[in-house]
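Notes for the structure review
The lines below spell out each chain.
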Amino acid sequence: MEESIKMRKHVTTVAIIQVVRSSLWLIITIASVVGLSIALGVVEDDIAQRILRIVIVTFPVFLGIFAILGLVAGIGLLSFKPWARIMTLIITGMGCLAIPIGTLIGVYSIWVLMQSESTKLFSNQ
């Protein structure tokens, strides 16, 4: 029983980290759209404007989707939804590429969510 309580705290910690990290990614996404839009207005070269338009669309869309999925997964983890565990494992696995902070968060999250006690918490729902 003691182990279950500890694991519940670890899962809640992972959920909070996931929500905070995803919220930060959303802020970065909005800031990148604003910054790139300002840059588009300043740049006079036609080729550079075309490239900036492509970057304004693709970069924030990718970051935004990643952030929204992470936010949904973090909220689902707080409710101990089984789908949120799988979704968080996928998102934090991809986040491991963001060395060093993403790797640290990813390794901790994967360690917590792959424990047998953690799996039992999600299977009881």
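The following refers to the structure shown. Computed from a predicted structure; not experimentally measured.

Before going further, it helps to examine the overall build of the protein chain. Per the secondary structure count, the protein chain includes 5 helices and 0 strands. Along the protein chain, from the amino end to the carboxyl end, the secondary structure elements read α-α-α-α-α. Relative to the compact-globule value of 14 Å for 125 residues, the protein chain shows a C-alpha radius of gyration of 18 Å, a clear excess of over 25%. The principal-axis extents of the C-alpha atoms in the protein chain amount to approximately 65 × 25 × 15 Å.

Now for the nonpolar core. Listed in full, the 12 residues of the largest apolar core are Met7, Val11, Val14, Ala15, Leu77, Phe80, Ala84, Leu89, Val112, Leu113, Leu121 and Phe122. A total of 4 residues in this core trace back to one element, the largest contributor, which is helix 1 (residues 2–42). For Leu121, the contacting residues outside a window of four places in its chain are Ser4, Met7, Arg8, Val11 and Phe80.

All right, on to helix 5 (residues 116–123) then. For the α-helix, the turn length of 3.6 residues means that residues three or four positions removed from each other point alike. Residues Ser118, Leu121 and Phe122 constitute the buried set of helix 5. Down the axis of helix 5, the buried side of the element spans an arc of 90°, and every buried residue falls inside it. Where helix 5 is buried, its residues meet helix 1, helix 2 (46–78), helix 3 (82–95) and helix 4 (101–114).

Turning next to the pattern of salt bridges. For the coordinates displayed, the defined rule picks out 1 salt bridge. Among the ionic pairs, Glu117 bridges to Lys120, the shortest N-O distance being 3.7 Å. Taken together, the positions of Glu117 and Lys120, both in helix 5 and 3 residues apart, correspond to about one turn of that helix. Taking the relative accessible area as the measure of exposure, Lys120 reaches 46% and is therefore partly exposed.

Rules used throughout
Residues numbered from 1 in each chain as written. Predicted model: local features only at pLDDT ≥ 70, side-chain atom pairs only at ≥ 80, totals over all residues. Heavy atoms only, no water. Helix = DSSP H or I, 4+ residues; strand = E, 2+ residues; numbered from the N terminus. Rg over C-alpha atoms; globule rule 2.2 N^0.38 Å. Core = buried A, V, L, I, M, F, W, Y, C linked by side-chain atoms within 4.5 Å. Buried < 20%, exposed > 50% of the residue type's maximum accessible area, 1.4 Å probe, protein only. Contact = heavy atoms within 4.5 Å. Arc of directions from axis to C-beta. Salt bridge = Lys/Arg side-chain N within 4 Å of Asp/Glu carboxyl O.

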